Amino acid sequence: MSVSTAALDPSVCAPLPVLGRDVTVPLVTGGEVTYAALDYAASAPALQRVWDDIAAYAPYYGSVHRGAGYLSQLSTDLFENSRRTVAEFLGCRAEDQVVFTRSTTDSLNLLAAALPANCQVFVYETEHHASLLPWRDAQVTYLDAPRTPGRAVESLERALADRDPYGPALVCVTGASNVTGELWPVRELAATAHAHGARIVLDAAQLAPHHPVDIAELDVDWVAFSGHKLYAPFGSGVLAGRADWLQAADPYLAGGGASRKVARRADGGVDVDWHTTAARHEAGSPNVIGVYSIASACKALTEAGFDNLVAREQELVSRVREGLAEVPEVRVLSLFGDDAPRVGVISFVVRGWNSSHFAAALSAEYGIGVRDGLFCAHPLVRTLLGSDPQDPGECGAPEAEPGERSLNAIRVSFGAGTPDEHIERFLRAVTELVREGAQWKYRTEDGRCVPDRGEAAQA
């Protein structure tokens, strides 16, 4: 999967307007500063365009697939048109289904619930927990972290060659790592899976906001992603792809909307005729606003010109990597090496610093929001840090005190709405913290590193 290097068009490559771009936050050292949101990999800020579309629709809010009134009919059309917009955004094949869910995690758990009997699942230990953990009822083979894209393909080839060739099988792989941002060889992995009679699902939670995703071109069977990483509000997600396993499985949730006909039997029981469309797995009143927000984000990214957005983001990636390379105490985490193509997600550790302490100082003293921890990808981060699985440190709850060694990392992530100034402030802050230290004292409170409101670190 290549990253565009097309020349930037200044007229279309400015940061896209996002909510919160003018929000100011207090600094522990005094005064306020515009907040630098550099935690896109957790949740990207909603595009202003998306919010405006939601606000315009809100007065017309109505039930979906339920009512004969004008607002219900309008909302139903909006909901189904959003499904078509997402299908077009993903390059879905004519026979593919787009199922709306709550998130990437929900999408992959839905697929896990729809696996045929005796399905074998192959997943790399490098996956986010959303794609590492849902397969509890299947026969799972966990593949070791590969150190090159070629080795990723080779290890999958060996594992599939050893499997039962007559049973169903599924490969689960991320498109872009939520820890390193590195792009995975999705097309090659899909070809390997299909050559051995297996199917493949792509976790595109980190890929879709940063890079075009085309199901047909990549030749994957399913794609899963979340709205809140695609510049839309929380609470909506997508599972798109082949319909047969989904149609053959029991509904993910049983209830209204998933059922086409329900009748009492003479013996007192109930007979149910379930839908075979995407509605089969969309029981209950759907999140119309969430679905519409995803469709709006898809349109906004397409209309802005994805190639230009990718090219600008690559400039930011290069700037961050070059700036961090000038600080010898900083080690950037990488699985595939420095030359591997990646999206705007970069994790690192700083020699002599507890990662949570460093992230707290970035926030309290510079107004910069990043993430610290194991990023819900514990096996991968531990592999990259060379730690033992029993060593302390966990996602979002560091055990080390400020100044002590921790087994967590720091992640900076950015995207279509990131201004140049946020990147420059971040690099300046890293350099100053490493060379001069924090200006304030910090302590651990309820598992988080926070400023000690008592006094500054230095007189």
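Above: the structure in question.
These notes cover the structure that comes with them. On a predicted model such as this, the values are computed, not experimentally measured, just so you know.

Extensive coverage of strand β10 (residues 237-241) is indicated by the burial of five of its five residues. Both faces of β10 are covered, namely the face carrying Gly237, Leu239 and Gly241 and the face carrying Val238 and Ala240. In this structure, strand β4 (residues 97-101) lies alongside β10, joined through five bridges in antiparallel fashion. The partner of threonine 101 across the bridge, within β10, is glycine 237. Pairing between strand β9 (residues 222-226) and β10: five bridges, direction antiparallel. For phenylalanine 225, the partnering residue across the bridge sits in β10 and is valine 238.

This brings us to a nonpolar patch on the surface. Together, Tyr60, Tyr70 and Leu71 line one region of the surface with nonpolar side chains, adding up to about 330 Å² of accessible area. Within the fold, tyrosine 70 resides in helix α2 (residues 70-89). A relative accessible area of 61% means that tyrosine 70 is categorised as exposed.

Locating glutamine 97 in the fold gives a position in strand β4. Owing to a relative accessible area of 10%, glutamine 97 belongs among the buried residues under this scheme. Only 3.0 Å separates the side chain of glutamine 97 from the backbone oxygen of threonine 276, close enough to count as a polar contact. Contact partners of glutamine 97, with chain neighbours within four places excluded, come to Leu239, Ala240, Gly241, Ala243, Leu246, Gln247, Thr276, Thr277 and Ala278.

As a further point, take the sheet that holds strand β13 (residues 330-332). Taking strand neighbours across the sheet as the criterion, the four strands line up as β13-β14-β17-β16 in an open arrangement whose pairing is antiparallel. The open sheet terminates on both sides in strands that have one partner only, identified here as β13 and β16 (371-373). The sheet shows a mean angle of 30° between the axes of neighbouring strands, taken without regard to direction. The sheet contact formed by β13 and strand β14 (residues 345-350) spans three bridges and is antiparallel. The residue of β14 that forms the bridge with arginine 331 is valine 349. Each of β13, β14 and β17 (409-413) is contacted by helix α10 (residues 306-325), which is oriented at about 10° to β14, the strand it contacts most.

Applying the stated rule across the entire model yields 23 salt bridges. In this structure, the salt-bridge partner of aspartate 420 is arginine 312, at a minimum N-O distance of 2.9 Å. In this pair, aspartate 420 sits in helix α13 (residues 420-436) while arginine 312 sits in helix α10, placing the two residues 108 residues apart along the sequence. When the shortest N-O distance is used, the salt bridge between aspartate 372 and arginine 448 registers 2.8 Å. Of this pair, aspartate 372 sits in strand β16 while arginine 448 is found in strand β19 (residues 448-456), placing the two residues 76 residues apart along the sequence. Judged by its relative accessible area of 5%, aspartate 372 falls in the buried class. When its relative accessible area of 31% is taken as the criterion, arginine 448 is described as partly exposed. Salt bridges linked by common partners bring Arg312, Arg319, Asp420 and Glu424 together as one network.

Its twelve residues give helix α11 (residues 355-366) an end-to-end C-alpha distance of 16 Å, which sits within 8% of 16 Å, the value for a rise of 1.5 Å per residue. α11 sits mainly inside the fold: eleven of its twelve residues count as buried. Taking the backbone nitrogen of serine 356 as reference, a side-chain oxygen 2.7 Å away marks asparagine 354 as the first, capping residue of α11.

So, how was this worked out
- Residues numbered from 1 in each chain as written.
- Predicted model: local features only at pLDDT ≥ 70, side-chain atom pairs only at ≥ 80, totals over all residues.
- Heavy atoms only, no water.
- Buried < 20%, exposed > 50% of the residue type's maximum accessible area, 1.4 Å probe, protein only.
- Helix = DSSP H or I, 4+ residues; strand = E, 2+ residues; numbered from the N terminus.
- Pairing = 2+ DSSP bridges.
- Patch = residues over 30% accessible without salt bridge, like charges linked within 9 Å, V, L, I, M, F, W, Y side chains within 5 Å.
- Areas by Shrake-Rupley, 256 points an atom, 1.4 Å probe, with all protein chains shown as cover.
- Salt bridge = Lys/Arg side-chain N within 4 Å of Asp/Glu carboxyl O.
- Polar contact = N/O pair within 3.5 Å; in protein donor to acceptor, adjacent residues only side chain to side chain.
- Contact = heavy atoms within 4.5 Å.
- Axes fitted to C-alpha atoms, helices over the stretch in contact; angles between N-to-C directions.
- Expected span 1.5 Å × (residues − 1).

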